[in-house]
Amino acid sequence: MLENRDYTLIIDKSGSMATPDQKGGRTRWVAAEESTFALASKCEQFDPDGITIYTFSGRFKRYENVTSSKVTQVFQENDPSGTTDLASVLKHATDNYFQRKAAGETKLNGETILVITDGEPDDRKAVMKVIIETSRRMDKDEELAISFIQVGKDPHATRFLKVLDDEMQSAGAKFDICDTITMDDMEDYSLSEVLLNAIID
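Residues numbered from 1 in each chain as written. Predicted model: local features only at pLDDT ≥ 70, side-chain atom pairs only at ≥ 80, totals over all residues. Heavy atoms only, no water.

Novice: How should the overall build of the protein be read in this particular structure?
Specialist: When its secondary structure is counted, the protein shows seven helices and six strands. Its C-alpha radius of gyration of 16 Å places the protein within 12% of the 17 Å reference for a compact globule of 201 residues. Projected onto its principal axes, the C-alpha coordinates of the protein cover approximately 45 × 40 × 30 Å. Counting over 201 residues, the protein shows a buried share of 49%. For the protein, the accessible surface area stands at approximately 9500 Å², while carbon and sulfur atoms represent 46% of it. Taken as two groups, the 24 positive and 37 negative side-chain charges of the protein have centres that lie 4 Å from each other. (Helix = DSSP H or I, 4+ residues; strand = E, 2+ residues; numbered from the N terminus. Rg over C-alpha atoms; globule rule 2.2 N^0.38 Å. Buried < 20%, exposed > 50% of the residue type's maximum accessible area, 1.4 Å probe, protein only. Areas by Shrake-Rupley, 256 points an atom, 1.4 Å probe, with all protein chains shown as cover. Lys, Arg positive; Asp, Glu negative; His and termini not counted. Charge placed at Lys NZ, Arg CZ, Asp CG, Glu CD.)

Below is the structure:
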């Protein structure tokens, strides 16, 4: 399943990503960089073109064909600050998938979008709307999957991400395309392991 599939990683760079999760520990941003490197290295085995990465806060930036050797540069160019406008970046990533699909440029097995975030988005309804509209443009269930991976322990974020996981079909989504992994789900896994598990699932 890993082969012939594209991977897009969307990384929250809002101000709270500068928070260390343990006293004196690494910040969420550093943990995100390490796990991005692990993911890019893994995907390169199947897809030498690299992965697509977005960083977002109030605005977003897209990087294409990111191989493990380019990950450091992406993180050097971005610093955690600002808000969490998840809806805009998610809409751009899903629109881009359908544009490529229409042009015959997507992979046979579709695409997985992985979102690393630590907080509740600025506009919850807008995020839900993007997911519902995305699902209605899909032809088959497995062509597009969105995994939300929560770093940090913000209870509001956990609740919202669980809604995305469990309640989108009852809210009108055509397929259940979202999956959520919270800090509690991770237990003893590192963020890198969780990311790698998310693409193998």
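Novice: Explain the pattern of salt bridges to me, please; I cannot follow it from the model alone.
Specialist: One side chain can pair with another of opposite charge once the charged atoms of both are near each other. Counting across every chain of the model gives 14 salt bridges. In this structure, the salt-bridge partner of Lys 162 is Asp 185, at a minimum N-O distance of 3.6 Å. Of the two residues, Lys 162 sits in helix H5 (residues 155–166) while Asp 185 sits in helix H6 (residues 183–186), which places them 23 residues apart along the sequence. For Lys 162, a relative accessible area of 30% corresponds to the partly exposed category. Looking at Asp 185, the relative accessible area reads 38%, which means it is partly exposed. (Salt bridge = Lys/Arg side-chain N within 4 Å of Asp/Glu carboxyl O.)

Novice: It is not clear to me how unusual backbone geometry should be interpreted in this structure. Could you clarify?
Specialist: Residues other than glycine predominantly adopt negative phi, and peptide bonds predominantly adopt the trans conformation. One non-glycine residue, Asn 65, lies in the positive phi region at around 50°. Relative to the assigned elements, Asn 65 resides in strand E3 (residues 60–66). Exposure remark for Asn 65: the relative accessible area of 39% places this residue in the partly exposed category.

Novice: I tried to follow the nonpolar core on my own but got confused; where do I start?
Specialist: Generally speaking, nonpolar side chains in soluble globular proteins are found buried as a group. Within the largest apolar cluster, 29 residues are counted, with the highest numbers of intra-cluster contacts made by Ile 10, Leu 90, Ile 131 and Phe 148. Those elements giving two or more residues to this core turn out to be strand E2 (51–56), helix H3 (86–102), strand E4 (111–117), helix H4 (124–136), strand E5 (144–150) and H5. Among the elements that take part in this core, H3 stands out by supplying seven residues, more than any other. If we ignore the near neighbours within four places in the chain, the residues touching Ile 131 are Leu 90, Phe 148, Leu 164, Met 168, Ile 177 and Cys 178. Judged by nonpolar contacts, the second largest core, of 28 residues, contains Ile 11, Trp 29, Ile 51 and Val 66. (Core = buried A, V, L, I, M, F, W, Y, C linked by side-chain atoms within 4.5 Å. Contact = heavy atoms within 4.5 Å.)

Novice: What should I look at first to understand the sheet that holds strand E6 (residues 178–181) in this one?
Specialist: Sheets are built from strands that pair by backbone hydrogen bonding, the pairs being arranged parallel or antiparallel. Judged by pairing direction, the sheet is mixed, and its six strands sit side by side in the order E3-E2-E1-E4-E5-E6 without closing on themselves. Each edge of the sheet is formed by a strand with only one pairing partner; in this case those strands are E3 and E6. The sheet shows a mean angle of 15° between the axes of neighbouring strands, direction not considered. (Pairing = 2+ DSSP bridges. Axes fitted to C-alpha atoms, helices over the stretch in contact; angles between N-to-C directions.)

Novice: Sorry, what's going on with H3 here?
Specialist: Side chains of residues three or four places apart in an α-helix project in the same direction, reflecting 3.6 residues per turn. Relative to the 24 Å expected for 17 residues at 1.5 Å per residue, H3 spans 24 Å between its end C-alpha atoms, a close match to the ideal helical length. When H3 is considered as a whole, its buried residues turn out to be Leu 86, Ala 87, Val 89, Leu 90, Ala 93, Thr 94, Asn 96, Tyr 97, Phe 98 and Arg 100. Close packing links the buried residues of H3 with strand E1 (6–12), E2, E3, E4, H4 and E5. Of the residues one or two after H3, Gly 104 is the one with positive phi, at around 70°. (Expected span 1.5 Å × (residues − 1).)

Novice: How should I be thinking about the environment of Met 17 in this particular structure?
Specialist: As for its position among the elements, Met 17 is in the loop between E1 and helix H1 (28–46). When the C-alpha positions of Met 17 and Val 30 are compared, they lie 8.9 Å apart, and in sequence the two are 13 residues distant. When near neighbours in sequence (up to four residues on either side) are disregarded, Met 17 contacts Asp 12, Thr 27, Arg 28, Trp 29, Ala 32, Pro 80, Ile 116, Asp 118 and Val 151.

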